[in-house]
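Now for the letters of each chain:
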Amino acid sequence: MTNKNSLEQIVFGCVKTRRESQKELYKLYYGFAISICVRYCNNELEAEEIVNDGFLKIFNQVKDFTPTNQNYEASLVGWVKRIFVNTAIDNYRKHNKAYGMSLKDDSRFFIADIDKITIDKMSYKEIVALLQNLSPTYRAIFNLYVIDGLKHEEIAELLKISVGTSKSNLAKAKQSIQKMLCYFTAVVVTCTK
């Protein structure tokens, strides 16, 4: 990304609320931030709102950033990631007060031959679109567990649900993804013939 000294200077400039430093940090981490937030949202517009909220939090809290190891950039990336995941979860809580457990309508999906499913043929955008077809609850739990590496106990605490609910919703999210992958595979196979 950038060398350690210039990254430290950018962060120091953000601590001093220098607009040019804030702009530089935004440019450095925007792509990283949007890739996190889009996984938790229904669409890119919502993800961009979360990114902006996350950067506001970063600029307000940057004075509290302390590297956790000798690799300054890795420490900063971890700190930034945590802020964006938490901001996305805050948005989830705000818009999903009932923590609905239902799937979006999956009646259009059917089970095809599982051996034909190959996620490696999908683009990043197609994978994100697939995740966006999950209900907000399934999407949040899937992202937290599978992609962000949290344990069910951490997810339960974060979302204020039981550990069993977290495990059950992860299993249902995986089933839904499998159905969608079968549908995707069937469409790809049909469209290429």
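As the structure is a prediction and not an experimental result, all values here were calculated from the model.

About the cut-offs
- Residues numbered from 1 in each chain as written.
- Predicted model: local features only at pLDDT ≥ 70, side-chain atom pairs only at ≥ 80, totals over all residues.
- Heavy atoms only, no water.
- pLDDT = per-residue confidence, 0-100.
- Contact = heavy atoms within 4.5 Å.
- Core = buried A, V, L, I, M, F, W, Y, C linked by side-chain atoms within 4.5 Å.
- Buried < 20%, exposed > 50% of the residue type's maximum accessible area, 1.4 Å probe, protein only.
- Helix = DSSP H or I, 4+ residues; strand = E, 2+ residues; numbered from the N terminus.
- Phe/Tyr/Trp six-rings, centres within 6.5 Å; stacked < 30°, edge-to-face > 60°.
- Salt bridge = Lys/Arg side-chain N within 4 Å of Asp/Glu carboxyl O.

What follows is about the confidence of the model for the chain. Predicted confidence across the chain gives a mean pLDDT of 83, with 80% of residues reaching 70 or more. Low confidence marks residues 98–117, where pLDDT is under 50. Its contacts with residues over four positions away, or in another chain, come to 40 contacts. Here residues 188–193 scores under 50 on pLDDT; set against residues more than four positions off or in separate chains, the count is zero contacts.

A few words now on the nonpolar core. The biggest cluster of nonpolar side chains holds 52 residues, and the ones touching the most others in it are Ile58, Leu76 and Phe84. Taken together, the elements giving at least two residues each to this core come down to α1 (4–15), α2 (19–40), α3 (44–61), α4 (72–95), α5 (124–132), α6 (136–147), α7 (152–159) and α8 (163–192). Per element, the largest residue contribution to this core is ten residues, and it comes from α4. Dropping the residues within four chain positions of it, Leu76 is found in contact with Leu7, Val11, Leu25, Tyr29 and Phe65.

Right, let's talk about the packing of aromatic side chains for a bit. Counted by the stated rule, this structure contains seven aromatic pairs. Ring centres of Tyr29 and Phe32 lie 6.5 Å apart, and the angle between their planes is 70°; on these two criteria the pair is classed as edge-to-face. Separated by three residues within a single helix, Tyr29 and Phe32 lie in helix α2, roughly one turn from each other. On the accessibility criterion, Tyr29 (1% relative accessible area) is buried. For Phe32, a relative accessible area of 27% puts it in the partly exposed group.

For the rest of this paragraph, the subject is the pattern of salt bridges. A complete count under the given rule lists five salt bridges for this structure. For the salt bridge of Asp90 with Lys57, the shortest nitrogen-to-oxygen distance reads 3.0 Å. One end of the pair, Asp90, is in helix α4; the other, Lys57, is in helix α3, and 33 residues separate them in sequence. For Lys81, the salt bridge goes to Asp148, with nearest N and O atoms at 3.5 Å. Linking Lys81 in helix α4 with Asp148 in the loop between α6 and α7, this pair joins segments that are 67 residues apart in sequence. Given the relative accessible area of 29%, Lys81 is considered partly exposed. On the accessibility criterion, Asp148 (12% relative accessible area) is buried. In the salt-bridge network here, residues are joined through shared partners; they are Arg39, Lys81 and Asp148.

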